[in-house]
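Summary of structural features
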Amino acid sequence: MLDKKEIAHTIIIMKKLGIVTPGGDAPGINAAIGTILCLSRNEKKEIIGINDGYKGLVKSDFTDMKGLSYEWLMGVSGTILHSERMSSFKEKKVLKKAARNLDNIGIEGLIVIGGDGSFRGALDLHRVSGIPIVGIPTTIDNDIYGTEETIGFDTACNTALEAINKIKDTAVSFERIFVVEVMGRDRGFLALEVCIASGAEAVIIPEIEPPLEEIAKGLKKARAKGEMNAIIIVAEGVSNRRKIAQFLEDKTGATVRESILGYIQRGGSPTRRSRMLAVEFANLAYEVLKESPTRPKMVGLQNGETTTMDLEKTVEGYKEIDLDKYKLHRSLSNIY
Ligand code: F6P
């Protein structure tokens, strides 16, 4: 799994591991937790849950997770450990306190389940404490470098698709254009995927200059041919959604309505895909952590296979949007 030089000289047989979920929740986080609990129970290791993200580490807010069952955790979303973003978790004295608390309770290795911000915190914590850490990537935005997919992305896509199907019904009835905003803090992975899978006419994402004139022209042409309704997907990270809707209304003469899908995309029972990814990532993370990696690691999916990479590389890297996918969307749309 790891190169010999990546493993501590003397592997300590860890008896107590910690889990923390400091980022935005995503469907499948609990499935990953359940998997780790199950595997560790088989090997008589103790798992300590850290409540409220890194805040629980600083406040010594721990939970023993004894009564939790794998079957139940597989199907529920959110995070049973709760989450809280903690901006001060980079200050030396805060990190030192967290390191002391880890030591006091005897946690020998840590699994950090989250996204970019969680992983930055993990690296800082490792620097002051030296504790072995493995990250599991979860976010509905799917924007983490080093993994083709993150836990929760598939469920969020399906939730958005279900909502768009419903919006389509009213778009058809009223011959309207709908501008639908999907989540994605500053990236367009969710928007692009949902656009292709829903058969939407266009997608507007932060990574690509929006061809607004072209979209408006295409929509007008389509309407002249009797194709009166349309769905335009806009990623949350595109800040001028309202202006875009107004522009399209002015240019096409159609009624343009906006719909923000929002936080429903973060909830709901995880899909098979999100659950399986959670199980496979958690399994690998558990195995890697037991080898006491000297540098923090992240598990991920590359070329369809689960693998590991340095967490530092993940945090420094930038995941490119798939331009071929974007081109494919344009070929499929009836407005280009
Ligand atoms: O990172 C996941 C995400 O849901 C983004 O899509 C969104 O911009 C952000 O989190 C919202 O964060 P918060 O929960 O802090 O409002």
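Residues numbered from 1 in each chain as written. Predicted model: local features only at pLDDT ≥ 70, side-chain atom pairs only at ≥ 80, totals over all residues. Heavy atoms only, no water.

**Some details on the packing of aromatic side chains**
Put simply, the test is: Pairing of aromatic side chains here covers Phe, Tyr and the six-membered ring of Trp, requires ring centres within 6.5 Å, and sorts the geometry by plane angle: under 30 degrees stacked, over 60 edge-to-face, intermediate tilted. Every helix listed is a DSSP run of H or I at least four residues long, and every strand listed is a run of E at least two residues long, numbered separately from the N terminus. We call a charge positioned over a ring when the NZ of a Lys or the CZ of an Arg lies within 6 Å of the ring centre and within 35 degrees of the ring normal.
Under the definition given, this model contains one aromatic pair. Between Tyr-54 and Phe-89 the ring centres are 4.1 Å apart and the planes differ by 5°, which places this aromatic pair in the stacked class. In this pair, Tyr-54 sits in helix H2 (residues 54-58) while Phe-89 sits in the loop between helix H3 (70-75) and helix H4 (92-105), placing the two residues 35 residues apart along the sequence. Positioned over the ring face of Tyr-336 is Arg-330, at 4.0 Å from the centre of the ring.

**Observations regarding the nonpolar core**
Where we set the bar: Side-chain atoms within 4.5 Å link the members of a nonpolar core, which is a set of buried Ala, Val, Leu, Ile, Met, Phe, Trp, Tyr and Cys residues. Burial classification: accessible surface area is computed with a 1.4 Å probe over protein chains only, and a residue below 20% of its type maximum counts as buried, one above 50% as exposed, and the rest as partly exposed. Here a residue-residue contact requires only that any non-hydrogen atoms of the pair lie within 4.5 Å.
Counting 50 residues, the largest nonpolar core has Leu-190, Val-194, Ile-231, Ile-232, Ile-233 and Leu-248 as the members making the most contacts within it. Contributing elements (two or more residues each) for this core: helix H6 (153-174), strand S6 (177-182), helix H7 (189-198), strand S7 (202-204), helix H8 (212-224), strand S8 (230-235) and helix H9 (241-252). At nine residues, the largest contribution of residues to this core is made by H6. What Leu-248 contacts, discounting residues up to four positions off in sequence, is Val-179, Leu-212, Ile-215, Ala-216, Leu-219, Ile-232, Gly-253 and Val-256.

**Focus: helix H5 (residues 116-129)**
How we decide: Take the residue count of a helix, subtract one, and multiply by 1.5 Å to get its expected span.
Compared with the 20 Å implied by 1.5 Å per residue over 14 residues, the 20 Å span of H5 between its first and last C-alpha is a close match. Turning to H5, its buried residues are Ser-118, Phe-119, Gly-121, Ala-122, Leu-123, Asp-124, Leu-125 and His-126. Elements that come into contact with the buried residues of H5 comprise H2, H4, strand S4 (109-114), strand S5 (133-137), strand S10 (297-302) and helix H11 (311-316). Following H5 by one or two positions, Gly-130 adopts a phi angle in the positive range, close to 75°.

**Things to note about the domain arrangement of the protein**
The test is simple: Bear in mind that the domain bounds are from an automatic or database domain assignment. Accessible-area loss on putting two parts together, using a 1.4 Å probe and summing over both, is the definition of buried area adopted here. The rule for a salt bridge is simple: a side-chain nitrogen of Lys or Arg has to be within 4 Å of a carboxyl oxygen of Asp or Glu.
Here the protein is partitioned into domain 1 (4-152 + 270-316) and domain 2 (156-266). Averaged C-alpha coordinates put domain 1 and domain 2 at centres separated by 36 Å. On the side of domain 2, 10 residues touch domain 1, which itself brings 11 residues to the contact. Roughly 890 Å² of surface becomes buried between domain 1 and domain 2 when both sides are summed, with 47% attributable to carbon and sulfur atoms. Broken down residue by residue, the surface that domain 1 buries against domain 2 is led by Asp-25, Ile-140 and Asp-141, which jointly contribute 52%. Taken together, the connections running from domain 1 to domain 2 amount to one salt bridge.

**Here's the deal with the sheet that holds strand S9 (residues 256-260)**
Counted only if it meets this: The rule for pairing is simple: two strands pair if DSSP sees at least two bridges between them. Note on definitions: angles span 0 to 180 degrees between N-to-C directions of axes, and those axes are lines fitted to C-alpha atoms, for helices only across the stretch in contact.
The strand order across the open sheet formed by four strands is S7-S8-S6-S9, and the pairing between neighbours is parallel. Every other strand in the sheet has two partners, leaving S7 and S9 as the edge strands with one partner each. Averaged over all pairs of adjacent strands, the angle between their axes in this sheet comes to 20°, without regard to strand direction. Where S6 and S8 come together, six bridges link them in parallel fashion. Bridging from a neighbouring strand, Ile-177 pairs with Ala-230 of S8. With respect to the sheet, H9 is in contact with S6, S7, S8 and S9, its orientation differing from that of S9 by roughly 160°.

**Section: the packing of H7 against helix H12 (residues 323-332)**
Under the convention used in this document: To sort the angles, those under 35 degrees are grouped as roughly parallel, those over 145 as roughly antiparallel, those from 65 to 115 as roughly perpendicular, and the leftovers as oblique. Helix crossings fall into two classes, left-handed where the near helix is turned counterclockwise from the far one by less than a right angle and right-handed where it is turned clockwise. All amino acids are sorted into three groups, where Ala, Val, Leu, Ile, Met, Phe, Trp, Tyr, Cys and Pro are nonpolar, Asp, Glu, Lys and Arg are charged, and the leftover types, Gly among them, are polar.
Where H7 meets H12, the axes come as close as 10 Å, and the angle between the chain directions of the two elements is 30°. The angle between H7 and H12 falls in the class roughly parallel. With respect to the hand of their crossing, H7 and H12 are arranged in left-handed fashion. Where H7 approaches H12, its residues Leu-192, Glu-193, Cys-195 and Ile-196 are matched on the opposing element by Lys-325, Tyr-326, His-329 and Leu-332. Here the residues of the contact of H7 with H12 sort into five nonpolar, one polar and two charged.

**Some details on unusual backbone geometry**
Not every positive phi belongs to a glycine, and Met-65 is a case in point at roughly 60°. With respect to the helices and strands, the residue Met-65 is situated in the loop between strand S3 (62-63) and H3. A positive phi is found at Asn-142, a non-glycine position, where the angle reads about 55°. For Asn-142, the location among the structural elements is in the loop between S5 and H6. The class of Asn-142 is buried, set by a relative accessible area of 4%.

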